Amino acid sequence: MLLVFIIFILFLLMGMPVAFAIGIAGTLFFLQNPQLPFTMIIQLPISQTQNFPLLAIPLFIFAANLMNETGITHRLIRLAGVLAGHMRGGLAQVNVVLSTLMGGVSGSAIADAAMEARLLGPEMLKKGFSKGYTGSVSAITACIAPVIPPSIGLILYGTIGQVSIGRLFTGGIVPGLMMMLFLMIAVSITSKIKGYLPERKRPSLKDVGMALIDSIWAFLFPIALIGGIRFGLYTPTEAGAFAGVYALAVGAVFYRELTWKKFKRTLEFTIVDIGSIMLIISLSGIFGYGLAYERAGDVFSRFMLGITNNPQILLLLIVGAVFIAGMFIDSTAIILLFTAILLPLVSEVGIDPVHFGLVFMLVIVLGLVTPPVGVSMYTVCSILDCQLEDYIKESIPFIVAILLVDLLIIFFPDIVLFLPNLVFGKD
Amino acid sequence: MKKLYEYICKGETFLIKVFLVFIVGLVFVAAVTRYIGYPINWSVDMAVCLFAWCTFLGGDVAMRNNKLMNVEFLIKKLPEKYRNSIELINFFIILIFLLAFIGYGIKLSYTTRFRQFQGIPGFSYTWVTISVPIAGTLMVITTINKIRERLAKRGGECRLQ
Amino acid sequence: TPAFGQAKYTLKFNHVLSPREPYHAGFQKWAKAVEERTKGGLKIEVFASAQLGVEEDILEQIRAGANVGQNTDSARMGMYIPGIAIMNGPYFVETLGGVERLKKMPTVQGWLDELANKFGFKVLSFGWVQGYRHFFTNKPVRSPDDLKGQRIRTPPAPIWQESVRALGATPVALAFGEMYPALQQKVIDGVELVYNNIPGGRFYEVLKYVTETGHIMLVNFEVISAKWFNALPPEYQKILVEECDKAGLETSRSIIESEKAVKADLIKRGMVVVDKVDIAAFRKAGEKAYEVLKIADVKDKVHKELGFKK
Ligand code: NA
Ligand code: NA
């Protein structure tokens, strides 16, 4: 497996497209293990695409592109400008808030990152934010999505560990909102340093009202989506299709800005986005297989077990280790590999499984945005045509912000447990 | 020859666009029919089947238009001559990988002929697996064009406008 | 080539259930027994939660001769030999004794040979039973009529879908992990599962009633590659099969025993077990599934071999 990692890094540095670098390096494991059928290098990428939750990615990208073409984004940005224009890094703040709202709709950080890079990215670049900054904000704020319910990651954790999904979902609300707050602070500080100035003075009530009326369909969009989920009309994955249909309807019927030509152009953008993003996700299916096959999770946990039995120190160690593991392994794979082993370990020292679930989730999501293997990172960079090193430089303060939230919930479990205990009673 | 290839490229992008619209429609219809109490259970399976085609064919379109993400900071610093040779090496490695992708893709497509889509009785999984060798073949053509382009420093591709 | 001191043969055995389900412990027991009896010559590594991959993918790897195994069901084996699907049908067998005898029936023997020779699947055992499937809903259900219009989550295979439809409900295909939020948000009205699935998935938080229809006794298949199996020493082959059957029956028995405790616990947590359920009506309704899928003849034939009265 070590060879696989080394070759991968080498290919990356040689400038090979990430999708192929990841797929070809992963193939080496199968050359080393002839007892495995070589057809698996086809099977694993295909299985990545036969995954219903991942379908949210093309659906939300399509919806975002449609919103750009139909005048929805345009109006949304105008409203955002009025509401947040007086703040430092106005549009970046909007990006944070929108992620939190979208968190209530989608359970997928990648889909959300893709959507926001498409939706807010071009406008942020126009306003003078650098590509790296725009990409970092879009990708890292999208990490709120799997923490705020609904969340595919938490369902997976709860199913494997037999932890109440209801409790996990309720437990995610406060940490999710804290992530929003801390990321807004990070935006504010970094904007100040970089000199991303406020666009205008504090808005008057009349300005807000006018902008609100003008953008009512755009403003209703996330609310309508959340409503649809709460009324049982669709699941979070299906929400992407409704977003697309909503954008089509609003663009064609209410704003009348959608033409056949624009629709075809939107499709064109969308298929290139899907191709470049999904090829990475699909071929990365070959990459992590060796770790599961060689039971890397077991070895790792046995090592952890030997070090300490102080709950806080243990959690800190786990967070550190998962952060590093997340740099190389896909986030779903981390949940699969580690939940079953870590959960008994932490239960033994008296850590609540819901508490642990959120501590775990907050560091797992960072795997999506850290190099060298970070799907959300590659997603926003390929959408924004941004260089990886620019992204990496700008991403640090935001990653630190999320780690700080994680530290807080490690030392104050009640941040997580207060709400579930209130709703469901003490377990 | 060149003309034929242009038609193939156009057909390819058209197909993906149609598939994408179908995916949205199928998922939408699945939710609505379930909500009113007459669920169509095959529509989601059909959507993920088309998803595989969009992924691999879309990958080819992205590759042809140089939209595949890569890390440039190191090779950007190299002189043009070395940069060109490293890119050539990359494309040759990719070419070998793609040939394996096609070969084993055909093999897998043959063995999956019995495997049915759970939700669509009588619909073979081969309709999904076959997307790999087909898209793989198109990617091979794209790669060869890229290699020729670097060898001769000339065009010969069809790009999206 | 194995290094010194390592097992000569290794089987990587995958299943989709959580490591806390009784099956996982059962498979590990099997692994331990095989390792002991072969003095470490044959080692089984058990992977929970589908860590090795998607069930259908593993089945293909098995066909290609890999050293992997999978816990699967008759619905999936039914893709290769349609008749096998009957084992997944409503009220096909209703006791562990029936399951035990099933393996010796001539028709079933024929299927096993065909699976091995034509498709490359060696079925080690189907003595593994997850328990009885019941309906879990938010409205009390006493007869097939009460299920009318209720959207019940069901695995996507045709035999599952038709069985649940025959029993009166509207089957909805959803992944296992999507069930909880779907119930919470009323995307679906209920599920049909075995008792042991309920505490793990915490479904009692979002469901109120249990109707003990016992409409399917869920028989599982333990499948490995016939090619890999045939290359084992005969002694190992015998041990592998014997221990798999033994661990399977033991696990099944303890699961069915444990259902009482699980049920009591669910009642304590506020679930209501519906009384006066018209089992005869469900049994009669279930027949339709076999007719729709045109496997009623096969079912009658195997039932005759088992000595069941029509
Ligand atoms: Na979410
Ligand atoms: Na965002």
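Our subject is the structure listed above.
Residues numbered from 1 in each chain as written. Chains lettered and ligands numbered in written order. Predicted model: local features only at pLDDT ≥ 70, side-chain atom pairs only at ≥ 80, totals over all residues. Heavy atoms only, no water.

A. The arrangement of the overall build of chain A in detail. The helix and strand tally for chain A stands at 23 helices and zero strands. Relative to a compact globule of 427 residues, whose C-alpha radius of gyration would be 22 Å, chain A shows 21 Å and is just as compact. Its C-alpha atoms put chain A at 65 × 50 × 45 Å along the principal axes. Sorting the 427 residues of chain A into buried and exposed places 65% on the buried side. (Helix = DSSP H or I, 4+ residues; strand = E, 2+ residues; numbered from the N terminus. Rg over C-alpha atoms; globule rule 2.2 N^0.38 Å. Buried < 20%, exposed > 50% of the residue type's maximum accessible area, 1.4 Å probe, protein only.)

B. Spotlight on the nonpolar core. In terms of nonpolar packing, the biggest core is built from 278 residues, with F20, F30, F60 and F356 of chain A touching the most fellow members. Each residue touching F30 of chain A, except ones within four places of it in the same chain, is listed here: L36, P37, F38, M40, I41, L44, I286 and Y289 of chain A. Formed by 24 residues, the second largest nonpolar core is a distinct cluster that contains L11, V46, Y236 and I255 of chain C. (Core = buried A, V, L, I, M, F, W, Y, C linked by side-chain atoms within 4.5 Å. Contact = heavy atoms within 4.5 Å.)

C. Quick look at a nonpolar patch on the surface. All names here are of chain A. Together, L316, I396, V400, L404, L407, F411 and F412 make up an exposed nonpolar region whose accessible area comes to about 610 Å². Here the nonpolar patch gets five residues from one element, more than from any other, and that element is helix 22 (residues 388-411). The topology assignment puts L316 in helix 18 (residues 311-328). (Patch = residues over 30% accessible without salt bridge, like charges linked within 9 Å, V, L, I, M, F, W, Y side chains within 5 Å. Areas by Shrake-Rupley, 256 points an atom, 1.4 Å probe, with all protein chains shown as cover. Salt bridge = Lys/Arg side-chain N within 4 Å of Asp/Glu carboxyl O.)

D. Representation of the interface of chain A and chain B within the structure. Taken together, the contact pairs 60 residues of chain A with 57 residues of chain B. Taking both sides of the interface into account, the surface hidden between chain A and chain B amounts to around 5300 Å²; carbon and sulfur atoms contribute 80%. For chain A, the biggest contributors to the area lost against chain B are F20, Q50 and I271 of chain A; these three give 12% of the whole. There are two salt bridges connecting chain A and chain B. (Buried area = accessible area lost by both parts, 1.4 Å probe.)

E. Inspection of the pairing of strand 4 (residues 121-137) of chain C at higher detail. All names here are of chain C. Summarising burial for strand 4: 15 of the 17 residues are buried, a large majority. Direction of pairing for strand 4 relative to strand 8 (residues 209-225): antiparallel, over a ladder of 11 bridges. By the bridge assignment, K122 is partnered in strand 8 with I224. The pairing of strand 4 with strand 7 (residues 190-194) spans five bridges and is classified as antiparallel. Among the inter-strand pairings, R133 is bridged to a residue of strand 7, identified as V194. (Pairing = 2+ DSSP bridges.)

F. Representation of unusual backbone geometry within the structure. A cis amide bond, omega -5°, links P149 of chain A with the succeeding residue P150 of chain A. The phi angle at D385 of chain A is positive, at roughly 55°, despite the residue not being glycine. Mapped onto the secondary structure, D385 of chain A falls in the loop between helix 21 (375-384) and helix 22. Residue D385 of chain A is classed as exposed on the basis of its relative accessible area, which comes to 59%. Look at N66 of chain B: it is not a glycine, yet its phi comes out positive at around 55°. If you trace the backbone, N66 of chain B turns up in the loop between helix 2 (42-64) and helix 3 (80-111).

G. Representation of the environment of F13 of chain C within the structure. Residues and elements named next belong to chain C. Within the fold, F13 resides in strand 1 (residues 9-14). When its relative accessible area of 0% is taken as the criterion, F13 is described as buried. In this view, F13 contacts F27, W30, I44, E45, V46, F47, G69, Q70, N71, E222 and V223; residues no more than four positions away in its chain are not counted.

H. Structural context of the environment of F123 of chain B. Residues and elements named next belong to chain B. Within the secondary structure layout, F123 lies in strand 2 (residues 120-124). Owing to a relative accessible area of 18%, F123 belongs among the buried residues under this scheme. Taking the C-alpha atoms as reference points, F123 and R113, separated by 10 residues in sequence, lie 9.3 Å from one another.

I. Just the coordination of the sodium ion (ligand 2), in detail. Residue and element names in this part refer to chain A. For the sodium ion (ligand 2), the full set of protein donor atoms is N95 (O), N95 (OD1), S99 (OG), E116 (OE) and T141 (OG1), and the range of their distances to it is 1.9 to 3.2 Å. The sequence pattern formed by the donor residues of the sodium ion (ligand 2) is N-x3-S-x16-E-x24-T. One end of the pair, S99, is in helix 6 (residues 90-103); the other, T141, is in helix 9 (residues 131-141), and 42 residues separate them in sequence. With respect to burial, S99 and T141 carry one shared label: buried. (Donors = N, O, S within 2.8 Å, 3.2 Å for Na, K, Ca; no water.)

J. Seen up close, the interface of chain A and chain C. Taken together, the contact pairs 34 residues of chain A with 30 residues of chain C. Here chain A packs against chain C, burying approximately 2900 Å² in sum over the two surfaces, 52% of which is carbon and sulfur. The three residues of chain A that bury the most area against chain C are Q43, Q162 and R295 of chain A, which together make up 21% of that side's buried surface. Taken together, chain A and chain C are joined by zero salt bridges. Across the chain A-chain C interface, the total number found is eight residue pairs in polar contact (both at pLDDT 80 or more). Those elements that provide at least two residues to the side of chain A that touches chain C are helix 3 (40-49), helix 10 (152-161), helix 11 (165-194), helix 13 (216-230), helix 16 (289-293) and helix 19 (331-348) of chain A. The residue makeup of the side of chain A that touches chain C, split by class, is 19 nonpolar, 12 polar and three charged. (Polar contact = N/O pair within 3.5 Å; in protein donor to acceptor, adjacent residues only side chain to side chain. Nonpolar A, V, L, I, M, F, W, Y, C, P; charged D, E, K, R; others polar.)

K. Structural detail: the packing of helix 1 (residues 2-13) of chain A against helix 2 (residues 18-32) of chain A. All names here are of chain A. With their axes 9 Å apart at the nearest point, helix 1 and helix 2 run at an angle of 155° to one another. Relative to helix 2, the element helix 1 lies roughly antiparallel. For helix 1 against helix 2, the interelement crossing comes out right-handed. Residue-level contacts link L3, V4, I7, F8, F11 and L12 of helix 1 to V18, A21, I22, I24, A25, G26, L28, F29 and Q32 of helix 2. Among the residues forming the contact of helix 1 with helix 2, the class breakdown is 13 nonpolar, two polar and no charged. (Axes fitted to C-alpha atoms, helices over the stretch in contact; angles between N-to-C directions. Parallel < 35°, antiparallel > 145°, perpendicular 65-115°, else oblique. Left-handed = near helix turned anticlockwise from the far one by under 90°.)

L. Spatial organisation of the packing of helix 19 of chain A against helix 20 (residues 353-364) of chain A. Residues and elements named next belong to chain A. Direction vectors running N to C along helix 19 and helix 20 enclose 150°, while the axes themselves pass 11 Å from each other. Both helix 19 and helix 20 take part in a crossing whose hand is right-handed. Counted together, S331, I334, I335, F338, T339, L342, L343 and V346 of helix 19 and P353, F356, F360, M361 and I364 of helix 20 form the full contact between these two elements. By residue class, the composition of the contact of helix 19 with helix 20 is 11 nonpolar, two polar and no charged.

M. Local environment of the side chain of S47 of chain A. Locating S47 of chain A in the fold gives a position in helix 3. If near-sequence neighbours (up to four positions away) are discounted, S47 of chain A is found in contact with V54 and D57 of chain C.

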